[in-house]
Amino acid sequence: MTTAPKPIRRVVIAGGGTAGWMVAAGLSKCLGKHYDIRLVESEEIGTVGVGEATIPTLHILHEILDLDEREFIQATQATFKLGISFENWRNVGENYFHSFGKTGKGHWTAGFHHFWLEGRKRGLASDYGDYCLELRAGLDNRFATLPDNGINYAYHFDATLYGQYLRRFSEALGVQRIEGKIAKVHTDAASGDITGLQLDGGALVEGDFFIDCTGMRALLIGETLGVPYESWSHWLPCDSALAVQTTLVGEPVPYTRAIAHPWGWQWRIPLQHRVGNGVVFSSKHISDDDAKAALLANIEGEVLRQPRVIKFTPGQREQVWKKNCVAIGLASGFLEPIESTSIHLIQKGLTRLIELFPTDGVRQSDIDEYNRQTQEAIEVVRDFIILHYHVNNRTDSAFWRDCCEMDVPPLLKHRIQHFRDTARIMLNQGELFAENSWVQVMMGQGITPASHHPITRNMDNRNLAEFLGDIRKDVARTLMKLPKHQQFIDGFCPAPKLDLVTNKPVVGPELRINPNARLETVQLSNGATVYVVDDFAQDPEALLALAQAQAGQFEAPAGHPYPGPQLALPDGIAGALGGYFEQHLRPRLGAGPGLGMFGRFSRVTQDATTLDPRQRICHRDDSAIGPGEVISASVHYLFKDEQLGGTVFFRSLMSDAETRQFMRDSNTLNGSAFSDKYGIAPGYMTESNRYFEVIGRVPAKWNRAIFYSGSIFHTGDINWPAAKAGYQTGMGRLTINAFFKSRRPA
């Protein structure tokens, strides 16, 4: 009789770093309400922390997690990436650019490069890169996000900070982090399944399903379950890397630099606070010491830490899912950094696991499907990376000659010959790298196709010239509208200054809450309670000084209804505020376990006559929460002119259906149409009208904080006509606004 699979309820992630916390974030966001998710890691065990460049597929994960792009960029010191500059790869002194996105416009029978090849043949086409916005923007150091995904981009970021950012995200969703080294992995004698992780302090972390994110050690999938490792060193010659961080010199470029050397290659990845540098090399062709010397001789800026050597074997586990354990990240295998695929492969392992998650127990069919998909996907990525080494015209070193002469996998061999003969790239559905990537690298590495598709001959010279010219002109016109990369960062997402040695924020004012502050209550006429704390901060002047020092970084996000500029709170202030809410307010406001918080400095500066419909009326803070969630809010007044107003609370005089329609109209109608329908002219709403009734008012007071349920209609008590100058002078009506998301109590 077959034993029924054991349902999964407890998930244990072994290891943190980028892989562990990406997995924790994805699982907790998608499945966290149904499972107990714990992550075991030790502060004493460092992470590789090298992978700082990404590809555009990361947007998919961030959409799944519903991350705020600006917040993510600032938390990770990120910059933008439009592609990779390959220098000296085809031959010494010859460069090309592998850009993201598309080049030109193709036909269903043939990609754009066929028409470009025909244009070159007739003398009608300029450089291939002239037809790609991302390539031209990258080389001209320009960048901006565009509507309708008009530009394809990825990021450079600090991998350590990214792991910390995802840790905060995951813990807010209920993931439990357990500190400790794994001393022993326990298995069931009968089934061979993993049952628990014994920590060096003696604690036993038991689970039903385990995810191995222990890096190259592969403690669970390799050491415990004995899954063999398949080496691909005969195709991928580099087996070592050295990484070093340097200070910024000049403005960051929106691309990764990959600079080939006689024994491997070098990367340069600019972030907002520093530059990531390193070399990837073959230990058969250069020693560690010589590679280190070469790296230090080819960097710019001050060295922040001494280089460290990382040894690896390119390859993949023969199985990445065995029994009740899945390996993700370096534990499953590693190719090499050249096309920034490592973080993508973590992401793909995670999303594949969510799709095939063994809710009702581990079944062999799920294991087989996961392993099959993983193998097919990584082998195609492997082949794309081999292409960079194998196709080259370099004869200056044994390393490159060996790469050129090696025998490559059959599918890659066919694709190279097929492109060389016909310019065709025939891909299977779901492959990571699209046709344009293969074309850019094939031609960039030196392949000139012998022929191309005959449909291109249907266009006469005039039509072909117009077709190519219109694309080139459109690229040029868009390019001229883009700001410089640094200019865009300064305006959209400048990150806080960090200590470059510790990666910690530069020391500044923190929120030190007055331990003797009294919690008072204000009863609203509908029975709800607002909690008021006077003399809230011990040093409110320091908070005001911080805001004044960063006045130039305040901005009013496009489309945001708040009537003035904002600035995200530093972690130290947000953390203290969140801790106070958790200790003193969460139970009082009827909120369950916390799911995260967000805080900002805010100023009211918008003229009352210019307000759009959303800004003319009261609002609630719970419009974006999910089922089973509640939101609470706070306002901390940091201005001394009490005439600038506190907060006023309302209840709707309409039915629920009418209220929903009213709020929808405020978001969809223009100002004139809204005024015609409801008779509400531009201006700040501070009194009752025929739609809403005032149920309470809390006056402003220097260093007063109030806490309330985000489900109550409210707005700032803005006295614009009488105090207009006060709002627009200095920091004006400066407040700290914070929002606390929690689970709804059972």
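One structure accompanies this document, and this report is about it.

What counts, and at which threshold
Residues numbered from 1 in each chain as written. Predicted model: local features only at pLDDT ≥ 70, side-chain atom pairs only at ≥ 80, totals over all residues. Heavy atoms only, no water. Pairing = 2+ DSSP bridges. Helix = DSSP H or I, 4+ residues; strand = E, 2+ residues; numbered from the N terminus. Axes fitted to C-alpha atoms, helices over the stretch in contact; angles between N-to-C directions. Phe/Tyr/Trp six-rings, centres within 6.5 Å; stacked < 30°, edge-to-face > 60°. Buried < 20%, exposed > 50% of the residue type's maximum accessible area, 1.4 Å probe, protein only. Lys NZ or Arg CZ within 6 Å of the ring centre and 35° of its normal.

### Some remarks on the sheet that holds strand E14 (residues 256-261)
The seven strands are arranged E5-E4-E14-E15-E16-E13-E17 in an open sheet whose pairing can be described as mixed. At either margin of the open sheet sits one strand with a lone partner, and together these are strand E5 (94-99) and strand E17 (308-311). Neighbour-to-neighbour, the strand axes of this sheet turn through a mean angle of 20°, independent of strand direction. Two strands pair when backbone bridges link them, and strand E13 (residues 240-246) and strand E16 (residues 275-281) are joined in this way by seven bridges, in the antiparallel orientation. Across the sheet, the residue bridging to Ser240 is Phe281, located in E16.

### Here we look at the sheet that holds strand E25 (residues 594-603)
Adjacent strands of a sheet form backbone hydrogen bonds with each other and so pair up, either parallel or antiparallel. One open sheet holds the seven strands; their spatial order is E22-E23-E29-E26-E31-E25-E24, and the pairing between them is antiparallel. At either end of the open sheet lies a strand with only one pairing partner, and these are strand E22 (519-523) and strand E24 (566-568). Pairwise comparison of adjacent strand axes, ignoring direction, gives a mean angle of 25° for this sheet. Relative to strand E29 (residues 705-709), strand E23 (residues 529-533) is paired through three bridges, and the arrangement is antiparallel. Its bridge partner being in E29, Val533 is matched across the sheet by Ala705.

### Structural notes on the packing of aromatic side chains
What the rule picks out here adds up to 52 aromatic pairs. Relative to Tyr255, the ring of Phe97 has its centre 5.4 Å away and its plane inclined at 80°; by these criteria the two rings are edge-to-face. A residue pair is termed long-range when its members are at least 10 positions apart, and Phe97 in strand E5 and Tyr255 in the loop between E13 and E14 qualify at 158 residues. For Phe97, a relative accessible area of 7% gives the class buried. Consider the rings of Tyr389 and Trp400, whose centres lie 5.9 Å apart with planes at 20°: the pair is stacked. Residue Tyr389 is located in helix H10 (residues 364-390), and its partner Trp400 is located in helix H11 (residues 398-405); the two are separated by eleven residues in the primary sequence. Grouping residues by exposure puts Tyr389 and Trp400 together as buried. Put simply, the rings of Phe72, Phe80, Phe143, Tyr153, Tyr155, Phe157, Tyr162, Tyr165, Phe488 and Phe492 touch in pairs and so form one group of aromatic residues. Arg352 extends its terminal NZ or CZ atom over the ring of Tyr370, reaching a point 5.7 Å from the ring centre.

The values reported here are purely geometric and, on their own, carry no functional implication.
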